Amino acid sequence: MVSRENVVILVFIAAAVVLLYATTLLGEQPVWVGGAVVIGVGVVAPLLVNSYLDRRAE
């Protein structure tokens, strides 16, 4: 069985990949935009969501 934390992480990683692809299609973006999307959506957002859900479950 897959844990809730893993599902949240997988969803945000999939969203980060889609958003990264979308930013490359939009045209001339600075290189840091792709990195910010991956770090923000793929790393920071799932950490925040998981900690919020953990606090709510207590």
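The structure contained in this document is the topic of the report that follows. For clarity, every value in this text was computed on a predicted model and none was experimentally measured.

About the criteria used
- Residues numbered from 1 in each chain as written.
- Predicted model: local features only at pLDDT ≥ 70, side-chain atom pairs only at ≥ 80, totals over all residues.
- Heavy atoms only, no water.
- Salt bridge = Lys/Arg side-chain N within 4 Å of Asp/Glu carboxyl O.
- Buried < 20%, exposed > 50% of the residue type's maximum accessible area, 1.4 Å probe, protein only.
- Helix = DSSP H or I, 4+ residues; strand = E, 2+ residues; numbered from the N terminus.
- Expected span 1.5 Å × (residues − 1).
- Bend = angle between axes of the 7 residues up to and from the residue.
- Contact = heavy atoms within 4.5 Å.

### Comments concerning the pattern of salt bridges
Link 1 in the chain: Per the stated rule, a full pass over the model turns up two salt bridges.
Link 2 in the chain: Two residues, arginine 4 and glutamate 5, come together in a salt bridge whose shortest N-O distance is 3.1 Å.
Link 3 in the chain: Look at arginine 4 and you get partly exposed, because its relative accessible area is 33%.
Link 4 in the chain: The shortest N-O distance in the salt bridge between arginine 4 and aspartate 54 comes to 2.4 Å. Residue arginine 4 is located in helix H1 (residues 4-25), and its partner aspartate 54 is located in helix H2 (residues 31-57); the two are separated by 50 residues in the primary sequence.
Link 5 in the chain: Taking relative accessible area as the criterion, aspartate 54 reaches 33% and is therefore assigned partly exposed.
Link 6 in the chain: Within this structure, Arg4, Glu5 and Asp54 form a network of salt bridges that share partners.

### Regarding H2
Link 1 in the chain: The terminal C-alpha atoms of H2 lie 39 Å apart, and with 27 residues this matches the ideal 39 Å at 1.5 Å per residue to within 8%.
Link 2 in the chain: Of all the bends in H2, the greatest reaches close to 30° and is centred on valine 44; the proline proline 46 follows between one and four positions later.
Link 3 in the chain: Taken together, the buried positions of H2 are occupied by Val33, Gly34, Val37, Gly42, Ala45, Pro46 and Asn50.
Link 4 in the chain: As for H2, its buried residues are in contact with H1.

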